[in-house]
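# Structural characterization, general
Single-letter residue listing:
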Amino acid sequence: MFERILFATTASPTCDDAAKVAFDLADKYDSEKLFVFHVPGFPTRGYSQFVRDARTGEEEQISPEYTEWIHEEMKNTYGELMKGSENCELVTRVGVPSTEILRMARENEVNLIVMGAHTRQEDVGATRFRKFSGSNMRKVAQRARCPVLIISRPCTTCFKLFSHIVFATDFSKAAGSAFQFALEAADDVGARLYLFHAVDISGLHAGKDVDQTQIEQRVKAAEKKMQEKYVSKMGDFDNYEIAIWEGLPYVEILKYARDKQADLVVMAHHTKDVDPEDAELGSTVEQVVLRSACPVASVNRPDKL
Amino acid sequence: MNLITLAKDGGIIHGGKAIEGDPLVHLAYQVELDEGYLLRSYFKMLEQYPVFQGLNPFFVSYLERVHASPDHGCEYPGLECLELGKTVEMIGYPGKPRMEIYTTLRGVNGGDVTDIDSIQLESLLDTPVRLGKLKHVVLGDKMDIFEFQTVFTLFEFIDGIAWQLGFHGTPVECQLRR
């Protein structure tokens, strides 16, 4: 299912959890290629030989020796994981990280991009201010034509043997692509697929509380949509269950994922029917990525599913 | 003057007696913790003053988990206490230079500080809670951190712990179907 995986790394300990998942996946799916990809810095100007280090901001001179040194560092960092992976290739490029990651993914027709959620080692307390706005992860998730697997925490369940996939939907067009990915993944590995929708009763947008009758109506409507949009497209696949909860969507998704011992949460990149080029990372998926104990796959388009 | 004490039984003490009526006015007050204050005391406070439950969307589900837990003995081996700290961090790169102020709740074991994200809430309830210092991190230098005495308001206390607990959703175990 994941013949060509691109693991985009800052080559620092912040990506260790993502590295583990990327190598595990490549091993599990016997991937044809695992690219371990690092962009060391931004060009300072034009065809300059200098780059500004993406992490420290220091100016560095790009030379074959410098590139070789980066490769050595990457080999040291991922040496242990690379031992069992013959199809792994280390690649470095200079440029704007998100652009280069997308370019690399496009050129090599990768099926999955694996990334860490942060570029810095974060305190949990600090994450509320930093979130992912403007980050490479956000830009890659927005533009990628293949699913982007975002790892923000150590994977405590064994992802390479994952057995519970939660697909959280808002019934948008983008969610349709996410569903396709979730179904294929569940079918491929024999995982149970949980189709989940949270009826948003926060009432914040409407400026008023929603009463019980309205909630029940919306739950029924959601159940009907589940059948029409997803169950009808499942064919023979019967290892699934449907749940509709009410509450604040990201809280309910996290609660449900925990309840079901989810190994993977699949969501659309954004939550409204807008052009993917214009879409911001939805606040719901952002909140889920931030707190989820298991990997979150953000799916934007059906192109590479 | 504007000092309140958070009691082990969940009460909020001001001027020697438990506050009655709307507690919101005390959110900006400085807190001190009663002897033997536990994480469980925090949830008892939320029950005694339900208006605080609206401060975080996870409170309702966490109170359910607290109710489903044993009344005592909910401790994590080797974890001496939980410490709420405050950090002022000057950041130079990436992005524009900025300063961020945030709280952190961490586990303490002897002299060691440890992250608690992977520990279930049910294993933390009877762990003592204490107030820590303010750390000043300059431009990413986490080796030479300045530490200062500081104070916490009731809002910082409630919100700081709630934010951290919002990350405690780790599945208990891996249930493989195959």
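Quick notes on the rules
The numbers attached to residues start from 1 for each chain and follow its sequence in the written order. Labels are handed out in written order, letters beginning with A for the chains and numbers beginning with 1 for the ligands. Side-chain atom pairs in this predicted model are given and counted only at pLDDT of 80 or more, local residue features only at pLDDT of at least 70, and totals for whole chains, interfaces and linings cover all residues. The secondary structure listing takes helices from DSSP runs of H or I that are at least 4 residues long and strands from runs of E that are at least 2 residues long, numbered from the N terminus. Radius of gyration: over C-alpha atoms. The globule rule applied is 2.2 Å multiplied by the number of residues raised to the 0.38 power. Burial is judged by counting the other C-beta atoms within 10 Å of a residue's own C-beta: 20 or more makes it buried, 12 or fewer makes it exposed, and any count in between marks it as partly exposed, with every C-beta position built from the backbone. This entry defines residue contacts through backbone-placed C-beta atoms, with two residues in contact when those atoms are within 7 Å. Here a helix's expected span is defined as the number of its residues, less one, multiplied by 1.5 Å. Two strands are counted as paired when DSSP detects at least two bridges linking them. Note on geometry: axes are C-alpha line fits, over the in-contact stretch for helices, and angles between N-to-C directions span 0 to 180 degrees. The term nonpolar core refers to a group of buried residues, namely Ala, Val, Leu, Ile, Met, Phe, Trp, Tyr and Cys, whose C-beta atoms join them within 7 Å. Put simply, a crossing is left-handed when the front helix is turned counterclockwise from the back one by less than a right angle, and right-handed when it is turned clockwise. Values of pLDDT, ranging from 0 to 100, describe the predictor's confidence in every residue of the model. Crossovers are marked right-handed if the path from the first strand over the helix to the second runs clockwise, as seen with the strands pointing away from the viewer.

### Remarks on the overall build of chain B
Each helix and strand in chain B was counted, giving three helices and nine strands. Taken from the N to the C terminus, the helices and strands of chain B come in the order β-β-β-β-α-α-β-β-β-β-β-α. Against the globule reference of 16 Å for 178 residues, chain B gives a C-alpha radius of gyration of 17 Å, in line with a compact fold. When its C-alpha atoms are laid out on the principal axes, chain B stretches across 60 × 45 × 30 Å. When each of the 178 residues of chain B is scored for burial, the buried share is 29%. Considering only residue pairs separated by 6 or more positions, chain B has 71% of its internal contacts joining residues 24 or more positions apart.

### Focus on helix H6 (residues 173-189) of chain A
Residue and element names in this part refer to chain A. Over its 17 residues, H6 runs 25 Å from end to end, which matches the ideal 24 Å to within 8%, given 1.5 Å per residue. Taken residue by residue, H6 has Ala174, Ala175, Ser177, Ala178, Phe179, Phe181, Ala182, Leu183, Ala185 and Ala186 as its buried positions. Its buried side turned inward, H6 meets strand S9 (164-168), strand S10 (192-200), helix H7 (212-230), strand S12 (264-268) and strand S13 (296-299). Glycine 190, located one to two residues past H6, shows a positive phi value of around 75°.

### A few points about the environment of phenylalanine 37 of chain A
Residue and element names in this part refer to chain A. Its location among the elements puts phenylalanine 37 in strand S2 (residues 33-38). Separated by 100 residues in sequence, phenylalanine 37 and methionine 137 have C-alpha atoms that sit 14 Å apart. Among all residues touching phenylalanine 37, those that are not within four sequence positions of it are Leu6, Phe7, Ala8, Thr9, Val91, Ile101 and Met104.

### A short note on the sheet that holds strand S3 (residues 17-18) of chain B
In a beta sheet, neighbouring strands pair by backbone hydrogen bonds and run either parallel or antiparallel. Residue and element names in this part refer to chain B. Spatial strand order, S3-S2-S1-S4: four strands in an open sheet with mixed pairing. Only two strands of the sheet have a single neighbouring strand rather than two, namely S3 and strand S4 (30-33). In this structure, strand S2 (residues 12-14) lies alongside S3, joined through two bridges in antiparallel fashion. Bridge assignment links histidine 14 to a residue of S3, and that residue is lysine 17.

### Some remarks on helix H3 (residues 154-165) of chain B
All names here are of chain B. If you check H3, its first and last C-alpha atoms are 17 Å apart, about what twelve residues at 1.5 Å a residue would give, namely 16 Å. Taken residue by residue, H3 has Leu154, Glu156, Phe157, Ile158, Gly160, Ala162, Gln164 and Leu165 as its buried positions. The inward-facing, buried residues of H3 abut strand S1 (3-6), S4, helix H2 (59-67), strand S5 (81-91) and strand S6 (98-109).

### Regarding the sheet that holds S9 of chain A
Residues and elements named next belong to chain A. Taken in spatial order, the ten strands make up an open sheet running S6-S2-S1-S7-S8-S13-S12-S9-S10-S11, and their pairing is mixed. Of all strands in the sheet, those with a lone pairing partner are strand S6 (88-92) and strand S11 (240-247), marking the two edges. Ignoring strand direction, the axes of neighbouring strands in this sheet form an average angle of 25°. Examined bridge by bridge, strand S1 (residues 4-8) and strand S7 (residues 112-116) share four bridges and lie parallel to one another. Considered in S7, the bridge of alanine 8 is made with methionine 115. Running at roughly 155° to S13, helix H9 (residues 283-291) makes contact with strand S8 (148-151), S12 and S13 of the sheet.

### Some thoughts on the nonpolar core
Residue and element names in this part refer to chain A. Phe7, Ile113, Ile165, Phe167 and Val265 are the most contacted members of the largest nonpolar core, which totals 114 residues. When residues in this core are grouped by element, the largest group, nine residues, is from H6. Those residues in contact with isoleucine 165, other than ones at most four positions away along the chain, are Ala182, Ala185, Ala186, Ala191, Leu193, Tyr194, Ala262, Asp263, Leu264 and Val266.

### Topic: the packing of helix H3 (residues 97-107) of chain A against helix H5 (residues 136-143) of chain A
All names here are of chain A. As a packed pair, H3 and H5 sit with axes 8 Å apart at the nearest point and diverge in direction by 35°. Where H3 crosses over H5, the two elements pack in a sense that is right-handed. Between H3 and H5, the contacting residues are Pro97, Ser98, Ile101 and Leu102 on the first element and Asn136, Lys139, Val140 and Arg143 on the second.

### Considering the confidence of the model for chain A
Within chain A, residue pLDDT values average 81, and 79% of them lie at 70 or more. Averaged over each element, pLDDT in chain A is lowest for helix H4 (residues 127-130) of chain A (63) and highest for S11 of chain A (94).

### Considering unusual backbone geometry
Residue and element names in this part refer to chain A. With phi around 50°, aspartate 30 is a residue other than glycine that occupies positive phi space. The topology assignment puts aspartate 30 in the loop between helix H1 (16-28) and S2. Note on aspartate 30: 9 C-beta atoms within 10 Å, which makes it exposed. A positive phi angle is found at glutamine 261, which is not glycine, with a value near 55°.

### As for the environment of valine 88 of chain B
Residues and elements named next belong to chain B. Counting through the fold element by element, valine 88 comes out in strand S5. For valine 88, a count of 16 C-beta atoms within 10 Å translates into the label partly exposed. Those residues within four positions of valine 88 in sequence are excluded, and the remaining contacts are Met99, Ile101, Leu134 and His136.

### Re the environment of glutamine 180 of chain A
Topologically, glutamine 180 of chain A is positioned in helix H6. Measuring from C-alpha to C-alpha, the distance between glutamine 180 of chain A and tyrosine 230 of chain A comes to 8.8 Å, with 50 residues separating the pair along the chain.

### Describing the confidence of the model for chain B
Residue and element names in this part refer to chain B. Model confidence for chain B is summarised by a mean pLDDT of 88, while 90% of its residues fall at 70 or above. Per-residue pLDDT stays below 50 along residues 174-178; that stretch engages in 13 contacts with residues further than four places along the chain or on separate chains. The complex model carries a pTM of 0.82, and its ipTM stands at 0.78.

### Description of the pairing of S9 of chain A
Residues and elements named next belong to chain A. Along S9, five of the five residues are buried, which leaves the element largely enclosed by surrounding structure. Judged by which residues are buried, S9 turns out to be covered on both faces: His164, Val166 and Ala168 on one side and Ile165 and Phe167 on the other are all buried. One ladder, built from five bridges, connects S9 with S10; its direction is parallel. Directly across from isoleucine 165, in S10, lies its bridge partner leucine 193. With H6 bridging S9 and its parallel neighbour S10, the resulting β-α-β unit is right-handed. Direction of pairing for S9 relative to S12: parallel, over a ladder of four bridges. Pairing of valine 166 across the sheet is with valine 265, part of S12.

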